[in-house]
Amino acid sequence: MAIDREMPLKEQMKFDMRAEEVDIMEGDPQLDADGGATINFGPEVQMSEGHTENLADFLSEGDLDVISRDLVEAYEGDKDSREEWSSTYAEGLDLLGMKYEERSNPFPGASGVSHPLLAESVTQFQAQSYKELFPAGGPVKTQVMGMTNPQVEAQSGRVKEFMNYQLTHVMEEYEPELDQMLFHLPLSGSAFRKIYFDNTLGRPVSKFVSSEDLVVPYEATDLMTCARITHVVKMMSNELRKFQVSGFYRDIDLEDPKDDDPSKVKEKIDEIDGKKKAYTKDNVHTLLEMHVDLDLPGYEDANEAGEETGISLPYIVTIEDNSGEILSIRRNWNEQDPLKIKKQYFVHYKFLPGLGFYGFGLIHMLGGLTKTATSILRQLIDAGTLVNLPAGFKARGLRIRDDDQPLVPGEFRDVDAPAGDIRNSLVPLPYKEPSGTLFNLLGFVIESGKSFAAVADMKLGEGNEVNPVGTTMALLERGMKVMSAIHKRMHMAQGKEFKLLAQLFAETLPNVYPYQVVGGNQAVKAQDFDERIDVIPVSDPNIFSVTQRVTLAQQQLQLAQAAPEMHSLPEAYRRMYEAMGVQNIEALMPPPPQPQPKDPATENSDLLAGMPAQAFQGQNHDAHIASHFSLMTSTVVKSNPMAMANIQAHVMQHISLKAQEEIQAEVQQQMMQMPPEQQQMMQQQMMMEMQNRVAEREAELIDNFVTELEDALKDSTQDPLVELKKEELELREQDMERKAQEAQLKLELEERKADDRKETDEDRIDQQKDALAIRSAIAAEKLEKDSKNKMMDKAEKITANLEKTAANILNPNGRQQ
């Protein structure tokens, strides 16, 4: 170790303090030419400490005492500054109604029931948020930042599966801790998660920290800018001893911890749980883990010139509360960070934003309504009790056996009434029935509380009525306004938590980490957790219920089915299954098979059969092009224009890939010859140049291919396309002649039909004329005959009349009439 004679006084003190800890010094000091000296302290002495070392081992006891005293005093001040908050929180826990209150006011046996408005709201929130933030398939999904490619997509899938596997199987504490946090959050308004690497477990952990165990200064507004964060940790003596032996904490003697006075919140929680500390020999230490900014002596911040800047740097100081001993001081920034920015370990979950650092919970927002509802409910019950068991006055001389005991049904007691009439000796107090106004007021208070807490039942359909999708969504949105805002805050907080976990995985995972999942072994790389993949919660910040999610997915599916040409039906069905919570969707909807590279003969067979062919990188493009070239010059392909076009399109794919691979290899060779700094600067320019060179190379290859193809096709006697065109023209000419002949025959047939119709019409006219003449002759003859008959009849009638007249003139007696 070299000693400089011009070393600052503080550095000399630091050197002297460390020299006192050395028992053996090998050899005498050796003077250097520049005036310094070199001292050999032996091979077992190591005077340098790493970035993660416990700095408390290198500071003097005096410095440690000063730091401990200042930090403990600051912690006590921070705790006193939120005394009123603790009192409000503790009093609000009584509103849960977990314990029945025995009351003697206004009369012994008065009702001590509490209305379950607050408990119902807390339970509903916990149930809804728990299934949203931790679904069965895992709470993590990934999002690719920037441009995507198959490699990045595969990386995103590995990160997603690995983190979900860790949270659902490996990190066994995560789910129960989340469940407990979601019950505390709506009560206190604030809850915290602590994400760190546990050396004992050998993996990252995420622990729930209640609001009463995390103390911040009065001026704090958020965790990022908070100057001091104190996490109160309870640790058994044996567990603390393990950390001391492992070297994580200083190996110093600690006194047995004393029973400290619990906070008001802790007392109230123990009272509700029905717990009481009876055994006092558990030796539970209270550790104050303080994330603070300090200007440690000997570790001051300095600029490039070596001058102290006076800037306090972030450290984590752990103090044993009973003795005030500092157990560890560790740097709280990344070693490679030149700005020494504080590392974050805590995530703040807020129910409602509040007016300061701590958020507001249902105790703050519904406490008054719950007290009012409880008071009204007790009044109604007490009024019913007094009406059912009335009290009043009795005359002094009236004697009733066992008058201090209430009557039971079916009981008659002896009464000595001096006046003879019992009613004159008893005067009951005028108790009223439970007030209807109070009952209506109770309903109004409950409805107001439920409306705020979004736990009211939403009737989306009455009877057989079915609401449209738009109406259903409007009702859901109106009923879930408050809950949706709370869910967005939790979604953001959980996103921060997952980012901290991803950073820990990136820092602590080996290069390749295998893990066992359903379907076989999987592996994830430490470099998978980079900036290209963003880890976000699987929950939707705009949706807070399964009903909303299913309704939206159903509407998407209906739109996709109505216009399938504009949508992807498999994706619409997949989203519908995801909204319904269906597991193993791949078994129901297997992905389509991906094309695989094929040999040239198989590609030729597919092209002749009319099936598409796909070219791939890494193939022998020259061999494929030669094989397809030979097929194009065959007689079979010459007479098949469709096959010719398919083969040419496939050859163009090989030409494109060949040009890209050639130019890419040349560019990579040029980049390797440049220094790394110049590579980053020239990367964008080289990409543009590569695209231009690829286009030029493709044009050259296409020109050569077309020239060779034309030369090969010139050897044929006739271009098969021309022959096909001639045959097509001949067929068209024959078809036109056939159509003309058919038209001429049709015309002649029509003329013949017209002549036949004319002759037929003339014959029909002649026949009609003959028939008309015959009918006319018959009619005339009949008319003549009828006329004759009529004349003969008339003559006969005249003759008969004359005969009759003559007979009447000459009667039988010969007498004239």
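Further up the page is the structure itself.
For the structure given in this document, a descriptive report is provided here. (Residues numbered from 1 in each chain as written. Predicted model: local features only at pLDDT ≥ 70, side-chain atom pairs only at ≥ 80, totals over all residues. Heavy atoms only, no water.)

1. Brief notes about the overall build of the chain
Moving on, step 1. Helix and strand counts for the chain stand at 21 helices and 19 strands.
Moving on, step 2. Across the 817 residues that make up the chain, the buried fraction comes to 34%.
Moving on, step 3. For the chain, restricting intrachain contacts to residue pairs at least 6 apart in sequence, the fraction spanning at least 24 positions comes to 69%. (Helix = DSSP H or I, 4+ residues; strand = E, 2+ residues; numbered from the N terminus. Buried < 20%, exposed > 50% of the residue type's maximum accessible area, 1.4 Å probe, protein only. Contact = heavy atoms within 4.5 Å.)

2. A few points about the sheet that holds strand E10 (residues 313-320)
Moving on, step 1. Read from one edge of the open sheet, five strands run E7-E8-E9-E10-E11, paired in antiparallel fashion. Each having just a single partner strand, strand E7 (214-215) and strand E11 (326-331) make up the two edges of the open sheet.
Moving on, step 2. Relative to E11, E10 runs antiparallel, the two being bridged by five bridges. Paired with Tyr315 across the bridge in E11 is Arg331.
Moving on, step 3. Lying on the sheet, helix H2 (residues 61-81) is in contact with E7, strand E8 (228-236), strand E9 (284-294), E10 and E11; it crosses E9 at an angle near 100 degrees.
Moving on, step 4. Sitting on the sheet, helix H7 (residues 237-246) is in contact with E8, E9 and E11, with an inclination near 110 degrees to E8. (Pairing = 2+ DSSP bridges. Axes fitted to C-alpha atoms, helices over the stretch in contact; angles between N-to-C directions.)

3. Here's the deal with the packing of aromatic side chains
Moving on, step 1. Evaluation of the coordinates by the stated rule reveals 14 aromatic pairs.
Moving on, step 2. With a centroid separation of 5.9 Å and an interplanar angle of 35 degrees, the aromatic rings of Phe134 and Tyr174 are classed as tilted. Of this pair, Phe134 sits in the loop between helix H4 (117-133) and strand E4 (140-144) while Tyr174 sits in helix H6 (residues 174-188); the two residues are 40 residues apart in sequence, bridging distant segments of the chain. Pair check on accessibility: Phe134 and Tyr174 agree, each one buried.
Moving on, step 3. Ring geometry for Phe192 and Phe357: centres 6.1 Å apart, planes at 15 degrees, overall stacked. Here Phe192, found in strand E5 (residues 190-198), pairs with Phe357, found in the loop between strand E12 (346-350) and helix H9 (362-388); they are 165 residues apart in sequence, far enough to count as distant.
Moving on, step 4. For Phe192, a relative accessible area of 0% translates into the label buried. (Phe/Tyr/Trp six-rings, centres within 6.5 Å; stacked < 30°, edge-to-face > 60°.)

4. Regarding the sheet that holds strand E6 (residues 203-210)
Moving on, step 1. As summarised here, the arrangement of the three strands in space is E6-E5-E12, forming an open sheet in which the pairing is antiparallel. Strands with a single pairing partner mark the edges of an open sheet, and in this sheet they are E6 and E12. Adjacent strand axes in the sheet meet at a mean angle of 25 degrees when their direction is disregarded.
Moving on, step 2. Pairing of E5 with E6 involves eight bridges; the strand directions are antiparallel. For Lys194, the partnering residue across the bridge sits in E6 and is Lys207.
Moving on, step 3. Of the strands in this sheet, E5, E6 and E12 are in contact with H6, which crosses E5 at around 155 degrees.

5. Structural notes on the side chain of His291
Moving on, step 1. Within the secondary structure, His291 is located in strand E9.
Moving on, step 2. The class for His291 is buried, based on a relative accessible area of 3%.
Moving on, step 3. A polar contact is formed between the side chain of His291 and the side chain of Glu289, at a distance of 2.9 Å.
Moving on, step 4. With residues up to four places along the chain from it excluded, the contact list for His291 reads Ala227, Arg228, Ile229, Tyr315, Ile316, Asn332, Tyr345 and Phe346. (Polar contact = N/O pair within 3.5 Å; in protein donor to acceptor, adjacent residues only side chain to side chain.)

6. Some thoughts on the pattern of salt bridges
Moving on, step 1. Overall, the coordinates contain 24 salt bridges when judged by the stated rule.
Moving on, step 2. Arg250 serves as the salt-bridge partner of Glu61, at 3.1 Å between the closest nitrogen and oxygen. Placement of Glu61 in helix H2 and of Arg250 in the loop between H7 and helix H8 (264-273) is noted, with a sequence separation of 189 residues between them.
Moving on, step 3. Taken together, the salt bridges that share partners define one network made up of Asp735, Arg738, Lys739 and Glu742. (Salt bridge = Lys/Arg side-chain N within 4 Å of Asp/Glu carboxyl O.)

7. Details of the environment of Thr142
Moving on, step 1. On the secondary structure map, Thr142 appears in strand E4.
Moving on, step 2. C-alpha of Thr142 to C-alpha of Val535: the two residues are 393 residues apart in sequence and 4.7 Å apart in space.
Moving on, step 3. Those residues within four positions of Thr142 in sequence are excluded, and the remaining contacts are Ser156, Val159, Lys160, Ile533 and Asp534.
Moving on, step 4. A distance of 2.5 Å separates the side chain of Thr142 from the side chain of Ser156, its partner in a polar contact.

8. Topic: the packing of H4 against H6
Moving on, step 1. It is the contact of H4 with H6, at a shortest axis distance of 9 Å, that shows an interaxial angle of 140 degrees. Judged by the inter-axis angle, H4 sits oblique to H6. As H4 runs across H6, the sense of the crossing is right-handed. On the side of H4, the interface is formed by Val122, Phe125, Gln126, Ser129, Tyr130 and Leu133, while H6 contributes Glu175, Leu178, Asp179, Leu182, Phe183, Leu185, Pro186 and Leu187.
Moving on, step 2. Looking at the contact of H4 with H6, its residues break down into 10 nonpolar, two polar and two charged. (Parallel < 35°, antiparallel > 145°, perpendicular 65-115°, else oblique. Left-handed = near helix turned anticlockwise from the far one by under 90°. Nonpolar A, V, L, I, M, F, W, Y, C, P; charged D, E, K, R; others polar.)

9. Quick word on the nonpolar core
For soluble globular proteins, nonpolar side chains are generally found buried alongside one another.
Moving on, step 1. Counting 69 residues, the largest nonpolar core has Phe162, Met163, Leu214, Met490, Leu501 and Phe529 as its most contacted members.
Moving on, step 2. Broken down by element, the residue count for this core peaks at 10 residues, all from helix H12 (residues 481-508).
Moving on, step 3. Apart from residues lying up to four places away in sequence, Leu501 is in contact with Met163, Leu167, Met171, Ile195 and Pro204.
Moving on, step 4. Counting residues in each nonpolar core, the second largest holds 24 residues, with Leu59, Ile67, Leu313 and Ile319 among its members. (Core = buried A, V, L, I, M, F, W, Y, C linked by side-chain atoms within 4.5 Å.)

10. Let's talk about unusual backbone geometry
Peptide bonds are, in most cases, trans, and in most cases residues other than glycine have a negative phi.
Moving on, step 1. Backbone geometry places Lys340, a non-glycine residue, at a positive phi of 55 degrees.
Moving on, step 2. The topology assignment puts Lys340 in the loop between E11 and E12.
Moving on, step 3. With relative accessibility at 26%, the residue Lys340 sits in the partly exposed group.

11. Things to note about H9
Moving on, step 1. End to end, H9 covers 36 Å across 27 residues, agreeing with the expected 39 Å (1.5 Å per residue, within 8%).
Moving on, step 2. Largest kink in H9: about 35 degrees, centred on Gly368. (Expected span 1.5 Å × (residues − 1). Bend = angle between axes of the 7 residues up to and from the residue.)

12. Structural notes on the packing of helix H16 (residues 600-608) against helix H19 (residues 641-672)
Moving on, step 1. Packing of H16 against H19 leaves a shortest axis separation of 9 Å and a crossing angle of 140 degrees. In terms of orientation, H16 lies oblique with respect to H19. Here the hand of the crossing between H16 and H19 comes out right-handed. Residues Glu603, Leu607 and Leu608 of H16 touch H19, and the partners they reach there are Ala643, Asn646, Ile647, His650 and His654.
Moving on, step 2. Across the contact of H16 with H19, the residue classes tally to four nonpolar, three polar and one charged.

13. Brief notes about a negative patch on the surface
Moving on, step 1. A surface patch of like charges, here negative, comprises Glu748, Glu751, Asp755, Asp756, Glu759, Glu762, Asp763, Asp766 and Asp770.
Moving on, step 2. Along the chain, the position of Glu762 falls in helix H21 (residues 720-809).
Moving on, step 3. Here Glu762 falls in the partly exposed class, since its relative accessible area comes to 42%. (Patch = residues over 30% accessible without salt bridge, like charges linked within 9 Å, V, L, I, M, F, W, Y side chains within 5 Å. Areas by Shrake-Rupley, 256 points an atom, 1.4 Å probe, with all protein chains shown as cover. Lys, Arg positive; Asp, Glu negative; His and termini not counted. Charge placed at Lys NZ, Arg CZ, Asp CG, Glu CD.)

As far as function goes, none of this settles anything; it's purely spatial.
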